[in-house]
Amino acid sequence: MFNTIKRKLITLFQLLLVILFILFEEIIWEGVAKPIYSYVHSLKVLQKIEVWLQRVNATVILVIFVVMLASVEALGLYAGVLFVSGQAALGVMLYLTKIPIAAFTFWMFRVTESKLMQFGWFKWLYEKLMQAIDWLKSLEIYQNTMKRLKVTKEKLKQGLKRIKAKYFAKESPFVRRIKRLYSSIKRVLKRD
């Protein structure tokens, strides 16, 4: 009995980790942060900052990075507290505000990774984090969830294509009706 409860608790814990990871990776990172990261990465001013960061001492970079990362995580936690305490709109707004800062922090990590990895403890923590992510992705529950998510995303894409073809094609009946309505309104307004 104890083993059954233990196994179910471990499975529940794994499921929660998988859901949180998928939520972060698929929705927040892929949908919001990655486009912001790409935009941030393309900014010319950041190319100048990148050159400057290459000349800065590794310890200074570590301090800047840790402060930025801690700030981003603190904002995320506070946004969660606001959300749970009933101030959902404020929590969501704060969380969305932190995403550009997180994208900049991620960009800074990528640009200064070799300097940050000079610190043994930092490298060890990073490697452990990557191992934890690899372990999470190796779980059967993660792989099954990702397969289902992929199927669901494909069904949504197909549904959106059907809606677009049916209602928003250049010569669909829906578009023709909207154009006629627009023309009618335009004629009425010209008369007045």
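As shown above, the structure is provided for reference.
Anyway, here's the lowdown on the structure attached to this text. Here the residue numbers are simple positions, counted from 1 along each chain's written sequence. In view of the model being predicted, local features appear only for residues whose pLDDT reaches at least 70, and side-chain atom pairs are presented and counted only at 80 or more, with totals across whole chains, interfaces and linings using the full set of residues. With hydrogens and water stripped out, all remaining heavy atoms of the structure feed into the side-chain values.

Let's talk about the nonpolar core
In step 1: The nonpolar core is taken to be a set of buried Ala, Val, Leu, Ile, Met, Phe, Trp, Tyr and Cys residues, with the residues joined through side-chain atoms within 4.5 Å. Exposure categories follow from relative accessible area, calculated using a 1.4 Å probe and restricted to protein chains: below 20% of the type maximum is buried, above 50% is exposed, and the middle band is partly exposed. If you look at the biggest cluster of nonpolar residues, it comprises 17 residues, and the most contacted ones within it are Met-108, Phe-109, Leu-116 and Phe-122.
In step 2: Under the scheme used here, helices are H or I runs from DSSP no shorter than 4 residues and strands are E runs no shorter than 2 residues, and both carry numbers assigned from the N terminus. Mapped onto this core, the elements with two or more residues apiece are helix 2 (44–55), helix 3 (58–84), helix 4 (88–116) and helix 5 (120–138).
In step 3: We call two residues in contact whenever any of their non-hydrogen atoms come within 4.5 Å of each other. Not counting the four nearest positions on each side in its chain, Phe-109 is found in contact with Phe-65, Leu-116, Met-117, Phe-122 and Tyr-126.

Digging into the packing of helix 5 against helix 6 (residues 140–168)
In step 1: Across the interface, helix 5 lies against helix 6 with an axial gap of 5 Å and an inter-helix angle of 65°. It follows that helix 5 is roughly perpendicular to helix 6 by the angle criterion. For the pair helix 5 and helix 6, contact is made by Leu-136, Lys-137 and Ser-138 and by Glu-140, Tyr-142 and Gln-143, respectively. Lines are fitted to the C-alpha atoms to define the axes, a helix being fitted only along its stretch in contact, and any angle between axes, read from their N-to-C directions, falls within 0 to 180 degrees. An angle counts as roughly parallel when it lies under 35 degrees, as roughly antiparallel when it exceeds 145, as roughly perpendicular when it falls between 65 and 115, and as oblique in every other case.

Quick notes on a nonpolar patch on the surface
In step 1: Within this analysis, patches are made of residues with over 30% relative accessible area and no salt bridge. Like charges are joined at 9 Å or less; nonpolar side chains (Val, Leu, Ile, Met, Phe, Trp, Tyr) at 5 Å or less. We get accessible surface area from the Shrake-Rupley algorithm with a probe of 1.4 Å; when it comes to residues, only the shown protein chains can shield them. Salt bridge, as used here: a side-chain nitrogen of Lys or Arg that lies within 4 Å of a carboxyl oxygen of Asp or Glu. Together, Val-66, Trp-121, Trp-124 and Leu-125 line one region of the surface with nonpolar side chains, adding up to about 430 Å² of accessible area.
In step 2: By residue number, the principal contributor to the nonpolar patch is helix 5, which donates 3 residues.
In step 3: Inspection of the secondary structure puts Trp-124 in helix 5.

Side note on helix 3
In step 1: A helix is expected to reach a length of 1.5 Å times the quantity of its residues less one. Compared with an ideal rise of 1.5 Å per residue, which puts 27 residues at 39 Å, helix 3 spans 39 Å between its outermost C-alpha atoms and is within 8% of the ideal.
In step 2: Looking only at helix 3, the buried set comprises Ala-58, Ile-61, Leu-62, Phe-65, Met-68, Val-72, Gly-76, Ala-79 and Leu-82.
In step 3: Elements that come into contact with the buried residues of helix 3 comprise helix 2, helix 4 and helix 5.
In step 4: Following helix 3 by one or two positions, Gly-86 adopts a phi angle in the positive range, close to 100°.

Brief notes about the packing of aromatic side chains
In step 1: For Phe, Tyr and Trp, where Trp contributes only its six-membered ring, two rings pair if their centres lie within 6.5 Å, and the inter-plane angle classes them as stacked under 30 degrees, edge-to-face over 60, or tilted in between. For the structure shown, the criterion picks out 6 aromatic pairs.
In step 2: Ring geometry for Phe-104 against Trp-107: centres 5.3 Å apart, planes inclined by 35°, an arrangement best described as tilted. Taken as a pair, Phe-104 and Trp-107 lie in helix 4 at a separation of 3 residues, close to a single helical turn.
In step 3: With a relative accessible area of 1%, Trp-107 lands in the buried category.
In step 4: Ring centres 6.3 Å apart and planes at 40° place the aromatic pair Phe-109 and Phe-122 in the tilted group. Here Phe-122 lies in helix 5 and Phe-109 lies in helix 4, a separation of 13 residues in the sequence.

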